[in-house]
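Topology and contacts: notes
Spelled out from the first residue to the last, the chains are:
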Amino acid sequence: MSALGEQPKKSYICVGLLAHVDAGKTTLSEALLYCSGSRRTLGRVDHGDAYLDTHALERQRGITIFSKQALLSTENLDITLLDTPGHVDFSAEAERIMPVLDCAILVISGTDGVQAHTLTLWQLLQRYEIPVFLFINKMDLPGADRDQILRQLQSQLSTGCIDFGQELSQIEENCAMCDEALLENYLETGTVTTGNIRGLIQQRKVFPCCFGSALQLTGVEDFLATLNQYAPYPQVSPRFGARVYKISRDPQGNRLTWLKVTGGSLEVRSLLCYVNQKGDALEEKPLQLRRYSGEKFTPVQTALPGQTVAVTGLTATYAGQGLGVALGAAAPVLEPVMTYRVSLPQGKDPLTVLPKLRLLEEEDPQLHILWEGGQIHVQIMGKVQLEVFQSLVKERFDLEITLLDQRIFYKETISDTVEGVGHFEPLRHYAEVHVLLEPLPQGRGLVFDTVCPTDVLDLVYQKLILSHMSEKVHRGVLTGAPITDMKITLLVGKAHLKHTEGGDMRQATYRAIRQGLMQAKSVLLEPWYRFILTVPTENVGRAITDIRGMGGDFESPEPTGGFSVLKGTVPASELGDYAQQVAAYTQGRGRLQIAMDGYAPCHNTEAVLEDIGYDPEADLENTPDSVFCAHGAGFHVKWDQVKEYMHLESGLPAKPKPQLITRNLQLEDKELEAIMLREFGPQKTRLYHAPENRPAAETLTIRPPRQQYLIVDGYNIIFAWDELAKIAKEDLDAARRLLCDRLSSYAGFKKCRVVLVFDGYKVKGNPGEKVQFHNIQVVYTKENETGDAYIEALVHEIGSNYNIRVATSDGLVQLSSLRSGVLRMSARELQQELQDAQKEMQEHFQK
């Protein structure tokens, strides 16, 4: 490696190409390569000569299965284009490349619009904070409506979706509306620069939308020009860093590590230090750096920032790994939901076949190979991936395998907080560990921490315990499924100066977690799909009955030109071959789209538990019992008696911490003035009047100052303030409480009344709520009532009697406020005013 030298004239960027199936993604990749001059001929998927769909399975099925890359250039950019699969079964392949993207192209069919899988991809792009350019394809086909599609994008994806096919002045005006500071500058100067627009795209406030037909090459050159002009430039570090996103093997069997250089540079035969998945430090030298475009590659001596290369000579790298100063990628969101038993041909030894299948697992981390009870099991996303897996095993290892005993991949979590204790003390061994198990919100996974004082247990042992917590797949006590969505914290522990060995802490840690699970209230989780079901209106009754029979949830049907659309969620275990059933009972006119929605409580827990019949106490590999020592020999103690024998006191506090108790007052939905009169007393209109003997002609009326009101658009402020927006990503409720606290302090100091409005219109069955938080009122609007509408109605109603200010950065609410004659303040102005008030309070207290 070497430090970064002179910057190249062009920026190297990595662009991902993503879409739902049949949106024309691969066709667009062919068009981009052709129009950029990278290819002289135009390949087609239906002709089997697409540049990037090179595998026999891809050409046979007409879909992308493996991510591929191609190189193309524009005036300002050298682009590595990463083409990803569009089929839902290979979603994990698309997610895997996202940590290395500088921006993404999301392809949407102009005739189909936003699909279920589109929403999944959009959520992933949001999670990885990737700027997005949208290409709306197939606009040459009947039924493709430009305005209708744009409205759908703005309502279902983001209001920042802007048509970049308009006049430049209109594009600049629409972009300015997406940022408060830029809008103010635009109103003053009337200009928006290219850099301004590029910055908004980088911040994911603007999403350029281009329309065309990739097959007809319509709009493709304009799209390339948009990408060339507005694609964000990557931040480059002078220190070496790289991120691994894929492992594969070339036709000669050479192991290829696909990585993107994020800083510095990587050179052939330079010393590379890294840590493998087992925690072992390795030093290896890249033997070859390959710049691939399609099936062909060019060897290079040095890889620069922004470039992707396939590296030979590295033996233990893995997808998602960070090298140098680059951080590793976060754990993937998408996971396989089905488990199958692998049946081998007669005479084949499973122990011989297992290492071969591990090679496929290394190349596709979401293909989980398990060894259970002397048999091989595989976890897979769906039926298409299953068939591809069988074909790959045949192609690579000449093995005809069958997959049997399909079952859902369940998970388990807990709903309460418990302390688990593990003690391991055979003769001449000793360790005791106390852990706290707490439930976390859905989708958070497992979090490990320690609060153990170092004077109780040495830091070396604490780090050892934390490593033991994370090294194993801990099993739940309902079905033996892996646990998730909980925080496991080391409370206290004890070691012996002479007798404690590393393996002792491992045993005590495993037993402590298991003993805690035995005490906790466990919850069985199953995978759920999000679905969009489109059927002829005459079949909607059948569809509703079917979804209800599966235990699914759905919204009211939406009629669209002779068809009805059902949207909702359904357990993966119930879906089966329902797509084929839909095609049958609608005579081919119906369509089912599905996407992974995550894990949620099982809809038929009792039936699943009875069917699996798992006995947690009979699972000796995951025992909750402990081992103590007496009279020179160890003896077993059952999990429910461990606390009677444990050597340390409970790690939980003896007394619960005092909790602040506040009174939440449920108010009736009456006129706002009646609420104010009841809660705060009548408003005095005459605080002073002239003496009785004063001549009538000289009588003066002095009006008191009107009461100050501040109405705050809650969610708009939260997501406009960087601090609160960051908190809201992890815990929205915490962000709400912090905003309430700050406004409460402000209201008390400034002697004004504050109404904080939170938008609840999308919450099904929400009746709305008005509560008193200390000295401010908090309003949650009811279903189908937006916060904007509530604020506008409230301003209209009480604006003539009070001095009102509305705090929001929502342009529509601001405009409404001005029309109503009240004052408006932006999110930034409110933040400054609260900061100023805080300073005044501190100065007052100091005096």
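Residues numbered from 1 in each chain as written. Predicted model: local features only at pLDDT ≥ 70, side-chain atom pairs only at ≥ 80, totals over all residues. Heavy atoms only, no water.

The next thing to look at is the pairing of strand S3 (residues 77-83). Most of S3 sits out of view: seven of its seven residues are buried. Of the two faces of S3, the one lined by Leu-77, Ile-79, Leu-81 and Asp-83 and the one lined by Asp-78, Thr-80 and Leu-82 are each fully buried. Direction of pairing for strand S1 (residues 11-19) relative to S3: parallel, over a ladder of seven bridges. Each residue of the ladder has a partner; that of Gly-16, found in S3, is Leu-82. Across six bridges, the pairing between strand S2 (residues 68-73) and S3 is antiparallel. Paired with Lys-68 across the two strands is Asp-83, which belongs to S3. With antiparallel pairing between neighbouring strands as the criterion, S2 and S3 make up a hairpin whose turn holds three residues. (Buried < 20%, exposed > 50% of the residue type's maximum accessible area, 1.4 Å probe, protein only. Helix = DSSP H or I, 4+ residues; strand = E, 2+ residues; numbered from the N terminus. Pairing = 2+ DSSP bridges.)

This brings us to helix H1 (residues 25-35). Along H1, eight of the eleven residues are buried, which leaves the element largely enclosed by surrounding structure. Of all the residues in H1, the buried ones are Lys-25, Thr-26, Leu-28, Ser-29, Glu-30, Ala-31, Leu-32 and Leu-33. Looking at the buried residues of H1, the elements they touch are S1, S2, S3, strand S4 (103-109), strand S5 (132-137) and helix H9 (220-230). Just beyond H1, the residue with positive phi is Gly-37, at close to 90°. (Contact = heavy atoms within 4.5 Å.)

Before going further, it helps to spend a moment on the sheet that holds S4. What the seven strands build is an open sheet, ordered S2-S3-S1-S4-S5-S7-S6; its pairing is mixed. Whereas interior strands pair on both sides, the edge strands pair on one side only; in this sheet they are S2 and strand S6 (161-163). Adjacent strand axes in the sheet meet at a mean angle of 25°, parallel and antiparallel pairs treated alike. Across the sheet, H9 lies against S2, S3, S4, S5 and strand S7 (207-211), angled at about 175° from S5, the strand it touches most. (Axes fitted to C-alpha atoms, helices over the stretch in contact; angles between N-to-C directions.)

Turning to the packing of helix H21 (residues 722-730) against helix H22 (residues 732-750), a few remarks are in order. H22 packs onto H21 with a crossing angle of 145° between their chain directions and a minimal axis gap of 6 Å. Touching Glu-723, Leu-724, Ile-727, Ala-728 and Glu-730 of H21 are Leu-732, Ala-734, Ala-735, Leu-738, Leu-739 and Arg-742, all from H22. Taken together, the residues that form the contact of H21 with H22 break down as eight nonpolar, no polar and three charged. (Nonpolar A, V, L, I, M, F, W, Y, C, P; charged D, E, K, R; others polar.)

Read from one edge to the other, the open sheet built from six strands follows the order S14-S13-S16-S9-S8-S17, with strand pairing classed as antiparallel. With one partner strand each, in any of the chains shown, strand S14 (296-300) and strand S17 (322-324) form the two edges of the open sheet. Averaged over neighbouring strand pairs, the angle between their axes works out to 40° when direction is ignored. In the sheet, strand S9 (residues 255-263) pairs with strand S16 (residues 308-312) via four bridges, with the strands oriented antiparallel. Within S16, the residue paired with Trp-258 across the bridge is Ala-310. Helix-sheet contacts for helix H10 (residues 350-363) involve strand S8 (241-249) and S9, and the interaxial angle to S8 is about 140°.

Take the packing of aromatic side chains next. In this description, a pair of aromatic rings is defined by centroid distance and the angle of the planes. Overall, the coordinates contain eleven aromatic pairs when judged by the stated rule. Ring geometry for Tyr-292 and Phe-297: centres 5.1 Å apart, planes at 45°, overall tilted. On the basis of relative accessibility, which here comes to 32%, the residue Phe-297 falls in the partly exposed class. Judged by centre distance (5.0 Å) and plane angle (55°), the rings of Tyr-715 and Phe-758 are tilted. (Phe/Tyr/Trp six-rings, centres within 6.5 Å; stacked < 30°, edge-to-face > 60°.)

Topologically, Glu-432 is positioned in strand S24 (residues 431-439). It is Lys-494 that comes nearest to the buried, bridge-free Glu-432 among opposite-charge side chains, at 7.2 Å. Among the polar contacts made by the side chain of Glu-432, one reaches the side chain of His-423 at a distance of 2.5 Å. Side-chain polar atoms of Glu-432 contact the side chain of His-434, separated by 2.9 Å. Filtering out sequence-adjacent residues up to four positions away, Glu-432 remains in contact with Gly-422, His-423, Val-492, Gly-493, Lys-494, Ala-508, Phe-628, Met-646, His-647 and Leu-648. (Lys, Arg positive; Asp, Glu negative; His and termini not counted. Salt bridge = Lys/Arg side-chain N within 4 Å of Asp/Glu carboxyl O. Polar contact = N/O pair within 3.5 Å; in protein donor to acceptor, adjacent residues only side chain to side chain.)

Turning to the nonpolar core, a few remarks are in order. In terms of nonpolar packing, the biggest core is built from 49 residues, with Val-378, Phe-389, Leu-403, Leu-533 and Tyr-578 touching the most fellow members. Per element, the largest residue contribution to this core is six residues, and it comes from strand S27 (residues 522-536). Ignoring any residue separated from it by four or fewer positions in sequence, one finds Phe-389 in contact with Leu-357, Leu-360, Leu-367, Ile-369, Val-378, Ile-380, Ile-401 and Leu-403. Membership of the second largest hydrophobic core comes to 39 residues, among which are Leu-28, Leu-33, Ile-171 and Ile-201. (Core = buried A, V, L, I, M, F, W, Y, C linked by side-chain atoms within 4.5 Å.)

The next thing to look at is the environment of Ile-149. Along the polypeptide, Ile-149 turns up in helix H5 (residues 146-156). Classification of Ile-149 as buried rests on a relative accessible area of 6%. Placed 37 residues apart in sequence, Ile-149 and Asp-112 show a C-alpha to C-alpha distance of 9.1 Å.

This paragraph deals with unusual backbone geometry. For Lys-138, which is not a glycine, the phi torsion comes out positive at approximately 60°. Note that Lys-138 resides in the loop between S5 and H5. A positive phi angle is found at Gln-587, which is not glycine, with a value near 55°. For Gln-587, the position within the fold is in the loop between helix H16 (578-585) and strand S31 (591-601).

For the rest of this paragraph, the subject is the environment of Ser-522. With respect to the helices and strands, the residue Ser-522 is situated in strand S27. With relative accessibility at 22%, the residue Ser-522 sits in the partly exposed group. Between the alpha carbons of Ser-522 and Thr-413 there is a distance of 5.7 Å; along the sequence they are 109 residues apart. Excluding residues within four positions of it along the chain, Ser-522 makes contact with Thr-413, Ile-414, Val-477, Leu-478 and Leu-517.

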